[in-house]
Amino acid sequence: MAGHVLAGGGLGRRRHHRPRAGDGAPRRAAAAGAALSLRYAVNTHCHADHVTGSGALRAALGCRSAISRASGARADLLLSDGDEVRFGAFALRARATPGHTPGCLTLVLDDESAAFTGDALLIRGCGRTDFQQGCARTLHRSVHQRIFTLPDRCLVYPGHDYNGHTVSTVGEERRLNPRLTLSPEAFVSLMEGLRLPPPRRMDEAVPANLRCGIQDEPLQPQ
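On a predicted model such as this, the values are computed, not experimentally measured, just so you know. (Residues numbered from 1 in each chain as written. Predicted model: local features only at pLDDT ≥ 70, side-chain atom pairs only at ≥ 80, totals over all residues. Heavy atoms only, no water.)

Undergrad: Any chance you could break down helix 3 (residues 136-147) for me, citing the residues and the numbers?
TA: Here helix 3 spans 16 Å end to end across twelve residues, near enough to the 16 Å set by a 1.5 Å rise per residue. Those residues of helix 3 lying buried are A136, T138, L139, H140, S142, V143 and I147. (Helix = DSSP H or I, 4+ residues; strand = E, 2+ residues; numbered from the N terminus. Expected span 1.5 Å × (residues − 1). Buried < 20%, exposed > 50% of the residue type's maximum accessible area, 1.4 Å probe, protein only.)

Undergrad: How would you summarise the side chain of D119 if you had to cite specific residues and measurements?
TA: Structurally, the position occupied by D119 is in the loop between strand 9 (114-118) and helix 3. We note that D119 is buried and unpaired, the nearest opposite charge coming from R128 at a distance of 9.0 Å. One polar contact links D119 to H100, side chain to side chain, over a distance of 3.4 Å. Those residues within four positions of D119 in sequence are excluded, and the remaining contacts are H45, H100, C126, G127, G159 and H160. (Lys, Arg positive; Asp, Glu negative; His and termini not counted. Salt bridge = Lys/Arg side-chain N within 4 Å of Asp/Glu carboxyl O. Polar contact = N/O pair within 3.5 Å; in protein donor to acceptor, adjacent residues only side chain to side chain. Contact = heavy atoms within 4.5 Å.)

Undergrad: Give me the sheet that holds strand 11 (residues 168-169): which residues, what numbers.
TA: Taken in spatial order, the six strands line up as 6-7-8-9-10-11 in an open sheet, and their pairing is mixed. The open sheet has two edge strands, strand 6 (84-87) and strand 11, and neither has a second partner. The pairing of strand 7 (residues 90-96) with strand 8 (residues 105-109) spans five bridges and is antiparallel. Of the residues in strand 8, the one forming a bridge with L92 is L109. (Pairing = 2+ DSSP bridges.)

Undergrad: Break down the side chain of T106 for me, citing the residues and quoting the values.
TA: Tracing the chain through its elements places T106 in strand 8. At 3.1 Å, the side chain of T106 and the side chain of T97 are in polar contact. Look past the residues within four positions of T106 in its chain and what remains in contact with it is R93, A94, R95, T97, A115, F116, T117 and I147.

Undergrad: Residue-level account of the pairing of strand 4 (residues 64-68), with values.
TA: The element strand 4 is extensively covered by neighbouring structure, given that five of its five residues are classed as buried. Relative to strand 4, strand 3 (residues 40-42) runs parallel, the two being bridged by three bridges. When the sheet's bridge partners are listed, A41 is paired in strand 4 with S65. Of the crossover connections in this fold, the one passing from strand 3 over helix 2 (residues 54-61) to the parallel strand 4 is right-handed. With three bridges joining them, strand 4 and strand 5 (residues 77-79) adopt parallel strand pairing. Pairing of I67 across the sheet is with L78, part of strand 5. (Right-handed = clockwise from strand over helix to strand, strands pointing away.)

Here it is, written out as structure tokens:
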């Protein structure tokens, strides 16, 4: 699981830090070390394989949790397609990219220089579609219509990578992704034939993540 800290400084400067995967402690340390005031902990979707750190971040730092409205989860901020999350002089724009789950979002910087794709688009792969109301045909359409239409140079930061990669580009994935260069029919056949075991922590993770990581009542709107 990958997490990213985005900071909007003065004079149009933007900082991007990628802490190690974990339970939220690395992200807290990263925020403190960079002397940041953390405003939002944004989830790309309701995960099934781990408990999100946004609840712990919210409790420790007073930030607001955020997730897609279509996820059915509770959070301080529920995002719909086209909504923006502003930080400093910059913004993340939410693009609905369902398929892995119905509530998946891709978060795109307002200058389209980077996209945080969650589990919809991975580096040379994609998220599974065989649980949590996933749909392979919907995922193929989402990636091609909502992510592959971004500029070739746009950096792709996925929610997971299992081969030591951290970043790709839209252009690379459009040309080289072995799953998403397939036709919709071939993609659906491939995904339906994977026969993957269920995530080991699914029974624990999904209920907790429907509350954005075990947390109290939502903060009041700011």
